[in-house]
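Letter by letter, the chains look like this.
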Amino acid sequence: MTMLTQHTISTPYMVGPVHCYTGSLAGELVLFDTGPPTREAQRYLAEHVDLASLKHIVITHCHVDHYGQAHWLEQNCPAALYFPYRDCLKIAGHDRRIEAMAHLLADLGFDDVYLAKLRQIFDSGVLFPPFPKKFLVAENDLPERLGIEVLSCPGHSQSDLVYVGDDWAVTGDTLLRGVFQSPLLDVDLEKGGRFKNYAAYCATVVKLAGLQGKTVLPSHRQTVKSIKGVLLFYISKFLQRAVQLSPYREEKNVMLLIDKVLKGRVLDTFQLYLKASEIVFMQDFLQQPELLRQALLEIGLFDDVTELFHSAVLG
(Lines give C-alpha, C1' and ligand atoms only; values in the text may rest on other atoms or scores of the structure.)
Protein backbone atom coordinates (compact mmCIF):
# COMPACT_ATOMS: atom_id res chain seq x y z
CA MET A 1 0.00 0.00 0.00
CA THR A 2 1.38 3.40 -1.02
CA MET A 3 0.69 6.22 1.41
CA LEU A 4 0.80 9.80 0.18
CA THR A 5 1.48 12.68 2.58
CA GLN A 6 -0.90 15.62 2.57
CA HIS A 7 0.63 19.11 2.69
CA THR A 8 -1.62 22.09 3.47
CA ILE A 9 -0.49 25.46 2.14
CA SER A 10 -2.27 28.76 2.73
CA THR A 11 -3.42 30.78 -0.27
CA PRO A 12 -4.56 34.41 -0.61
CA TYR A 13 -7.63 33.29 -2.55
CA MET A 14 -11.28 32.82 -1.56
CA VAL A 15 -10.97 29.06 -2.00
CA GLY A 16 -8.75 28.92 1.10
CA PRO A 17 -5.83 26.57 1.79
CA VAL A 18 -4.77 24.07 -0.86
CA HIS A 19 -3.53 20.52 -0.35
CA CYS A 20 -0.53 19.13 -2.21
CA TYR A 21 0.70 15.55 -1.87
CA THR A 22 4.03 13.74 -1.84
CA GLY A 23 4.84 10.07 -2.00
CA SER A 24 7.54 7.60 -2.93
CA LEU A 25 6.49 5.75 -6.09
CA ALA A 26 8.84 3.09 -7.45
CA GLY A 27 11.38 4.54 -5.03
CA GLU A 28 11.13 8.04 -6.54
CA LEU A 29 9.79 11.10 -4.72
CA VAL A 30 6.74 12.61 -6.46
CA LEU A 31 4.96 15.91 -5.68
CA PHE A 32 1.37 16.43 -6.83
CA ASP A 33 0.65 20.17 -7.32
CA THR A 34 2.76 22.99 -5.91
CA GLY A 35 0.65 25.58 -4.11
CA PRO A 36 0.34 29.28 -5.00
CA PRO A 37 3.10 31.71 -6.11
CA THR A 38 3.76 33.11 -2.64
CA ARG A 39 6.83 33.35 -0.40
CA GLU A 40 4.95 31.36 2.23
CA ALA A 41 4.43 28.49 -0.21
CA GLN A 42 8.12 28.54 -1.16
CA ARG A 43 9.14 28.37 2.49
CA TYR A 44 6.70 25.52 3.12
CA LEU A 45 8.00 23.45 0.22
CA ALA A 46 11.63 24.11 1.14
CA GLU A 47 11.01 23.03 4.74
CA HIS A 48 8.69 20.05 4.20
CA VAL A 49 9.74 18.50 0.88
CA ASP A 50 13.21 17.11 0.14
CA LEU A 51 13.69 19.20 -2.99
CA ALA A 52 17.14 17.75 -3.71
CA SER A 53 15.58 14.28 -3.95
CA LEU A 54 12.40 15.29 -5.76
CA LYS A 55 12.11 13.46 -9.10
CA HIS A 56 8.66 14.32 -10.46
CA ILE A 57 6.22 17.26 -10.09
CA VAL A 58 2.77 16.38 -11.39
CA ILE A 59 0.13 19.08 -11.91
CA THR A 60 -3.62 18.37 -11.80
CA HIS A 61 -4.52 21.57 -13.71
CA CYS A 62 -2.93 24.97 -14.31
CA HIS A 63 -4.87 27.17 -11.93
CA VAL A 64 -2.76 29.53 -9.88
CA ASP A 65 -3.00 27.67 -6.56
CA HIS A 66 -2.03 24.37 -8.16
CA TYR A 67 0.91 25.20 -10.42
CA GLY A 68 2.00 28.58 -8.98
CA GLN A 69 5.40 27.35 -7.73
CA ALA A 70 6.31 25.37 -10.86
CA HIS A 71 8.66 28.07 -12.19
CA TRP A 72 10.38 28.43 -8.80
CA LEU A 73 10.70 24.66 -8.39
CA GLU A 74 12.28 24.37 -11.83
CA GLN A 75 15.01 26.69 -10.58
CA ASN A 76 15.44 24.99 -7.21
CA CYS A 77 15.20 21.24 -7.75
CA PRO A 78 16.04 18.64 -10.41
CA ALA A 79 12.52 17.24 -10.79
CA ALA A 80 10.76 16.75 -14.12
CA LEU A 81 7.53 18.76 -14.47
CA TYR A 82 4.35 17.29 -15.97
CA PHE A 83 1.42 19.46 -17.11
CA PRO A 84 -1.97 18.40 -18.51
CA TYR A 85 -2.06 18.28 -22.31
CA ARG A 86 -4.72 20.95 -22.64
CA ASP A 87 -2.78 23.28 -20.36
CA CYS A 88 0.25 22.75 -22.58
CA LEU A 89 -1.91 23.93 -25.49
CA LYS A 90 -2.93 27.02 -23.49
CA ILE A 91 0.67 27.86 -22.67
CA ALA A 92 1.80 27.52 -26.28
CA GLY A 93 -1.20 29.40 -27.66
CA HIS A 94 -1.87 31.97 -24.92
CA ASP A 95 -2.29 35.01 -27.19
CA ARG A 96 -4.39 33.07 -29.69
CA ARG A 97 -6.56 31.76 -26.86
CA ILE A 98 -7.16 35.23 -25.40
CA GLU A 99 -8.15 36.63 -28.79
CA ALA A 100 -10.50 33.71 -29.42
CA MET A 101 -12.00 34.15 -25.93
CA ALA A 102 -12.73 37.80 -26.75
CA HIS A 103 -14.64 36.78 -29.90
CA LEU A 104 -16.50 34.09 -27.97
CA LEU A 105 -17.60 36.51 -25.24
CA ALA A 106 -18.48 39.22 -27.76
CA ASP A 107 -20.85 36.77 -29.44
CA LEU A 108 -22.48 36.26 -26.03
CA GLY A 109 -23.20 39.98 -25.62
CA PHE A 110 -20.15 41.30 -23.76
CA ASP A 111 -19.02 44.75 -24.91
CA ASP A 112 -15.52 46.06 -25.70
CA VAL A 113 -15.17 47.82 -22.32
CA TYR A 114 -15.79 44.57 -20.44
CA LEU A 115 -13.51 42.57 -22.75
CA ALA A 116 -10.67 45.06 -22.21
CA LYS A 117 -11.00 44.69 -18.44
CA LEU A 118 -11.00 40.89 -18.64
CA ARG A 119 -7.97 40.98 -20.94
CA GLN A 120 -6.11 43.02 -18.31
CA ILE A 121 -6.84 40.35 -15.72
CA PHE A 122 -5.64 37.55 -18.01
CA ASP A 123 -2.45 39.46 -18.90
CA SER A 124 -1.66 40.72 -15.39
CA GLY A 125 0.08 37.57 -14.19
CA VAL A 126 -2.34 37.25 -11.27
CA LEU A 127 -4.13 34.26 -12.80
CA PHE A 128 -1.15 32.97 -14.77
CA PRO A 129 2.19 33.33 -12.94
CA PRO A 130 5.32 32.41 -14.92
CA PHE A 131 5.38 28.94 -16.41
CA PRO A 132 8.53 26.82 -16.29
CA LYS A 133 10.65 26.76 -19.44
CA LYS A 134 10.65 22.98 -19.69
CA PHE A 135 7.76 20.63 -19.00
CA LEU A 136 6.35 17.32 -20.19
CA VAL A 137 2.81 16.19 -21.02
CA ALA A 138 1.33 14.22 -18.12
CA GLU A 139 -0.95 12.05 -20.27
CA ASN A 140 1.95 10.91 -22.45
CA ASP A 141 5.20 11.25 -20.52
CA LEU A 142 4.70 10.00 -16.97
CA PRO A 143 6.96 6.93 -16.57
CA GLU A 144 5.00 3.66 -16.41
CA ARG A 145 7.15 2.49 -13.49
CA LEU A 146 5.44 5.05 -11.23
CA GLY A 147 2.15 3.15 -11.57
CA ILE A 148 0.02 6.28 -12.03
CA GLU A 149 -3.12 6.06 -14.14
CA VAL A 150 -4.09 9.41 -15.66
CA LEU A 151 -7.80 10.19 -16.04
CA SER A 152 -8.95 13.18 -18.06
CA CYS A 153 -11.81 14.64 -16.00
CA PRO A 154 -12.87 18.03 -17.43
CA GLY A 155 -15.24 19.81 -15.13
CA HIS A 156 -13.63 22.51 -13.06
CA SER A 157 -11.59 23.31 -16.19
CA GLN A 158 -11.09 21.60 -19.54
CA SER A 159 -7.65 20.35 -18.49
CA ASP A 160 -8.45 18.66 -15.16
CA LEU A 161 -6.61 15.42 -14.56
CA VAL A 162 -7.08 12.86 -11.80
CA TYR A 163 -4.07 10.74 -10.89
CA VAL A 164 -4.89 7.23 -9.67
CA GLY A 165 -2.72 4.72 -7.84
CA ASP A 166 -3.53 1.26 -6.54
CA ASP A 167 -5.61 2.51 -3.62
CA TRP A 168 -5.64 6.32 -3.90
CA ALA A 169 -6.64 9.11 -6.27
CA VAL A 170 -5.35 12.70 -6.32
CA THR A 171 -8.40 14.57 -7.59
CA GLY A 172 -7.35 18.24 -7.80
CA ASP A 173 -10.41 20.49 -7.98
CA THR A 174 -12.80 17.93 -9.47
CA LEU A 175 -14.42 17.39 -6.04
CA LEU A 176 -14.61 20.85 -4.49
CA ARG A 177 -16.20 21.15 -1.06
CA GLY A 178 -19.75 22.43 -0.71
CA VAL A 179 -20.06 24.12 -4.11
CA PHE A 180 -20.92 23.21 -7.66
CA GLN A 181 -18.59 25.34 -9.75
CA SER A 182 -19.64 25.19 -13.38
CA PRO A 183 -16.90 24.36 -15.88
CA LEU A 184 -15.20 27.50 -17.16
CA LEU A 185 -16.16 28.95 -20.52
CA ASP A 186 -13.14 28.42 -22.73
CA VAL A 187 -11.79 27.95 -26.23
CA ASP A 188 -10.99 24.49 -27.56
CA LEU A 189 -7.42 24.99 -28.81
CA GLU A 190 -7.35 21.47 -30.23
CA LYS A 191 -10.54 21.52 -32.31
CA GLY A 192 -11.37 25.23 -32.47
CA GLY A 193 -14.52 27.00 -31.32
CA ARG A 194 -15.93 26.73 -27.81
CA PHE A 195 -14.87 23.83 -25.63
CA LYS A 196 -17.93 21.63 -25.12
CA ASN A 197 -17.55 21.29 -21.38
CA TYR A 198 -21.08 20.03 -20.70
CA ALA A 199 -20.57 16.87 -22.75
CA ALA A 200 -17.13 16.45 -21.20
CA TYR A 201 -18.56 16.87 -17.69
CA CYS A 202 -21.14 14.13 -18.27
CA ALA A 203 -18.31 11.73 -19.09
CA THR A 204 -16.35 12.97 -16.06
CA VAL A 205 -19.22 12.18 -13.69
CA VAL A 206 -18.98 8.51 -14.68
CA LYS A 207 -15.18 8.46 -14.26
CA LEU A 208 -15.36 10.07 -10.83
CA ALA A 209 -18.02 7.63 -9.66
CA GLY A 210 -15.63 4.84 -10.65
CA LEU A 211 -13.18 6.02 -7.96
CA GLN A 212 -15.49 4.78 -5.20
CA GLY A 213 -13.43 2.64 -2.84
CA LYS A 214 -10.21 4.58 -3.41
CA THR A 215 -8.74 6.92 -0.80
CA VAL A 216 -9.59 10.28 -2.34
CA LEU A 217 -6.97 13.01 -1.93
CA PRO A 218 -8.66 16.31 -2.87
CA SER A 219 -7.24 19.82 -2.98
CA HIS A 220 -9.64 21.84 -0.84
CA ARG A 221 -11.15 19.42 1.65
CA GLN A 222 -9.60 16.88 3.99
CA THR A 223 -11.10 13.80 2.40
CA VAL A 224 -14.15 12.46 0.58
CA LYS A 225 -16.10 9.71 2.33
CA SER A 226 -18.62 9.13 -0.46
CA ILE A 227 -17.88 10.16 -4.03
CA LYS A 228 -21.44 9.46 -5.11
CA GLY A 229 -22.67 11.59 -2.22
CA VAL A 230 -20.53 14.50 -3.41
CA LEU A 231 -21.67 14.03 -7.01
CA LEU A 232 -25.30 13.94 -5.89
CA PHE A 233 -24.79 17.25 -4.06
CA TYR A 234 -23.24 18.84 -7.18
CA ILE A 235 -25.92 17.59 -9.56
CA SER A 236 -28.73 18.65 -7.24
CA LYS A 237 -27.32 22.19 -6.93
CA PHE A 238 -26.80 22.39 -10.67
CA LEU A 239 -30.35 21.25 -11.45
CA GLN A 240 -31.80 23.73 -8.95
CA ARG A 241 -30.06 26.55 -10.85
CA ALA A 242 -31.13 25.09 -14.18
CA VAL A 243 -34.78 25.27 -13.05
CA GLN A 244 -34.35 29.03 -12.54
CA LEU A 245 -32.74 29.43 -15.96
CA SER A 246 -35.19 27.23 -17.83
CA PRO A 247 -37.54 30.08 -18.90
CA TYR A 248 -34.58 31.80 -20.60
CA ARG A 249 -33.10 28.77 -22.35
CA GLU A 250 -33.26 30.38 -25.80
CA GLU A 251 -31.69 33.73 -24.81
CA LYS A 252 -28.42 34.15 -26.72
CA ASN A 253 -27.28 37.38 -25.09
CA VAL A 254 -25.70 36.03 -21.91
CA MET A 255 -24.74 39.45 -20.59
CA LEU A 256 -28.38 40.52 -20.83
CA LEU A 257 -29.45 37.27 -19.21
CA ILE A 258 -27.14 37.84 -16.24
CA ASP A 259 -28.85 41.18 -15.69
CA LYS A 260 -32.30 39.56 -15.93
CA VAL A 261 -31.61 36.68 -13.59
CA LEU A 262 -29.34 38.40 -11.06
CA LYS A 263 -30.68 41.95 -11.39
CA GLY A 264 -27.26 43.59 -11.46
CA ARG A 265 -25.93 41.88 -8.33
CA VAL A 266 -22.75 40.68 -10.09
CA LEU A 267 -20.49 43.58 -11.01
CA ASP A 268 -16.95 42.23 -10.63
CA THR A 269 -15.29 41.58 -14.00
CA PHE A 270 -14.09 38.07 -13.25
CA GLN A 271 -17.29 37.10 -11.43
CA LEU A 272 -19.24 38.05 -14.57
CA TYR A 273 -17.04 35.66 -16.54
CA LEU A 274 -17.71 32.90 -14.00
CA LYS A 275 -21.45 33.56 -14.14
CA ALA A 276 -21.39 33.51 -17.95
CA SER A 277 -19.61 30.14 -17.76
CA GLU A 278 -22.36 28.78 -15.51
CA ILE A 279 -25.16 30.02 -17.76
CA VAL A 280 -23.67 28.64 -20.98
CA PHE A 281 -23.07 25.30 -19.25
CA MET A 282 -26.72 25.14 -18.13
CA GLN A 283 -27.98 26.20 -21.57
CA ASP A 284 -26.02 23.31 -23.08
CA PHE A 285 -27.67 20.97 -20.58
CA LEU A 286 -31.14 22.28 -21.46
CA GLN A 287 -30.39 21.64 -25.13
CA GLN A 288 -29.12 18.08 -24.52
CA PRO A 289 -30.47 16.82 -21.17
CA GLU A 290 -30.22 13.21 -22.30
CA LEU A 291 -26.41 13.28 -21.91
CA LEU A 292 -26.65 13.94 -18.20
CA ARG A 293 -29.55 11.53 -17.75
CA GLN A 294 -27.57 8.68 -19.28
CA ALA A 295 -24.54 9.46 -17.11
CA LEU A 296 -26.64 9.49 -13.95
CA LEU A 297 -28.40 6.27 -14.93
CA GLU A 298 -25.01 4.63 -15.46
CA ILE A 299 -23.82 5.48 -11.95
CA GLY A 300 -27.17 4.85 -10.26
CA LEU A 301 -28.03 8.42 -9.24
CA PHE A 302 -30.82 9.39 -11.60
CA ASP A 303 -33.62 8.22 -9.31
CA ASP A 304 -32.33 10.61 -6.64
CA VAL A 305 -32.78 13.68 -8.85
CA THR A 306 -35.62 12.64 -11.18
CA GLU A 307 -38.05 15.33 -9.99
CA LEU A 308 -35.48 18.13 -10.21
CA PHE A 309 -34.31 16.90 -13.62
CA HIS A 310 -37.78 16.98 -15.09
CA SER A 311 -38.54 20.36 -13.49
CA ALA A 312 -35.52 21.83 -15.27
CA VAL A 313 -36.06 20.13 -18.62
CA LEU A 314 -39.81 20.69 -18.82
CA GLY A 315 -39.70 24.19 -17.36
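In this report, the structure presented in the accompanying data block is examined. Predicted model, so just to flag it, every value in this text is computed and none were measured.

Turning our eyes to something else, we now look at the overall build of the protein. The number of helices and strands found in the protein is 13 helices and 10 strands. By the compact-globule yardstick of 20 Å for 315 residues, the protein fits well, its C-alpha radius of gyration being 20 Å. Dimensions of the protein, computed from C-alpha atoms along their principal axes, come out at roughly 60 × 45 × 35 Å. Out of the 315 residues belonging to the protein, those deemed buried represent 53%. Counted over contacts in the protein with a minimum sequence separation of 6, partners at least 24 positions apart contribute 71%. Surface summary for the protein: the accessible area is close to 14400 Å², and the carbon and sulfur share equals 52%. Within the protein, the 36 negative side-chain charges are centred at a point lying 3 Å from the centre of the 30 positive side-chain charges.

With that out of the way, let us pick up the sheet that holds strand β7 (residues 149-152). Pairing is mixed across the open sheet formed by 4 strands, whose spatial order is β7-β8-β9-β10. Either end of the sheet is taken by a strand with one partner, and the two such strands are β7 and β10 (215-218). Taking the axes of each pair of neighbouring strands and ignoring which way they run, one obtains an average angle of 20 degrees across the sheet. Sheet topology places β7 next to strand β8 (residues 161-164); 4 bridges connect them, and they run antiparallel. Bridge pairing in β8 links leucine 151 to valine 162.

Time to look at the packing of aromatic side chains. Each aromatic ring pair is described using two quantities: the centre-to-centre distance and the angle formed by the ring planes. Inspection of the entire model under this criterion finds 18 aromatic pairs. An angle of 70 degrees between the planes, with centres 5.7 Å apart, marks the rings of phenylalanine 32 and tryptophan 168 as edge-to-face. Remark: tryptophan 168 occurs in strand β9 (residues 168-172) and phenylalanine 32 occurs in strand β3 (residues 28-32); sequence separation between them is 136 residues. Taken as a pair, phenylalanine 32 and tryptophan 168 share a single burial class, namely buried. Ring centres of phenylalanine 233 and tyrosine 234 lie 6.2 Å apart, and the angle between their planes is 65 degrees; this geometry places the pair in the edge-to-face category. On the basis of relative accessible area, tyrosine 234 is assigned to the buried category, the value being 3%. Joined through ring pairs, the aromatic side chains of Tyr198, Tyr201, Phe238, Phe281, Phe285, Phe302 and Phe309 make up one cluster. In this arrangement the basic side chain of arginine 293 is found over the ring face of phenylalanine 302, its NZ or CZ atom lying 5.8 Å from the centre.

Next up on the list: the sheet that holds strand β4 (residues 54-58). Picture the strands of a sheet paired through backbone hydrogen bonds; they go either parallel or antiparallel. Read across the open sheet, the 6 strands follow the order β1-β2-β3-β4-β5-β6; overall the sheet is mixed. Two strands in the sheet have a free side with no partner beyond their single neighbour: β1 (5-9) and β6 (136-137). Packing against the sheet, helix α1 (residues 39-48) makes contact with β1 and β3, and its axis sits at approximately 155 degrees to β1.

Once that is clear, we can look at α1. Three or more residues of α1 are buried, namely Ala41, Gln42, Tyr44 and Leu45. Projected onto a plane normal to the axis of α1, the buried residues spread over an arc of 160 degrees and lie on a single side. Of the exposed residues in α1, those oriented more than 90 degrees away from the buried face are Arg39 and Glu47. At its buried positions, α1 is contacted by β1, β3 and α3 (70-76).

Buried residues dominate strand β2 (residues 18-25), accounting for 7 of its 8 residues. When β1 meets β2, the two strands line up antiparallel, connected through 5 bridges. Residue isoleucine 9 lies in a different strand from β2, and its bridge partner there is valine 18. Bridge analysis of β2 against β3 gives 5 bridges, and the strand direction is antiparallel. Bridge pairing links leucine 25 to glutamate 28 in β3. Taken together, β2 and the strand that follows it, β3, pair antiparallel across an intervening segment of 2 residues, in which alanine 26 is found at a positive phi of about 55 degrees.

What counts as what
Residues numbered from 1 in each chain as written. Predicted model: local features only at pLDDT ≥ 70, side-chain atom pairs only at ≥ 80, totals over all residues. Heavy atoms only, no water. Helix = DSSP H or I, 4+ residues; strand = E, 2+ residues; numbered from the N terminus. Rg over C-alpha atoms; globule rule 2.2 N^0.38 Å. Buried < 20%, exposed > 50% of the residue type's maximum accessible area, 1.4 Å probe, protein only. Contact = heavy atoms within 4.5 Å. Areas by Shrake-Rupley, 256 points an atom, 1.4 Å probe, with all protein chains shown as cover. Lys, Arg positive; Asp, Glu negative; His and termini not counted. Charge placed at Lys NZ, Arg CZ, Asp CG, Glu CD. Pairing = 2+ DSSP bridges. Axes fitted to C-alpha atoms, helices over the stretch in contact; angles between N-to-C directions. Phe/Tyr/Trp six-rings, centres within 6.5 Å; stacked < 30°, edge-to-face > 60°. Lys NZ or Arg CZ within 6 Å of the ring centre and 35° of its normal. Arc of directions from axis to C-beta.

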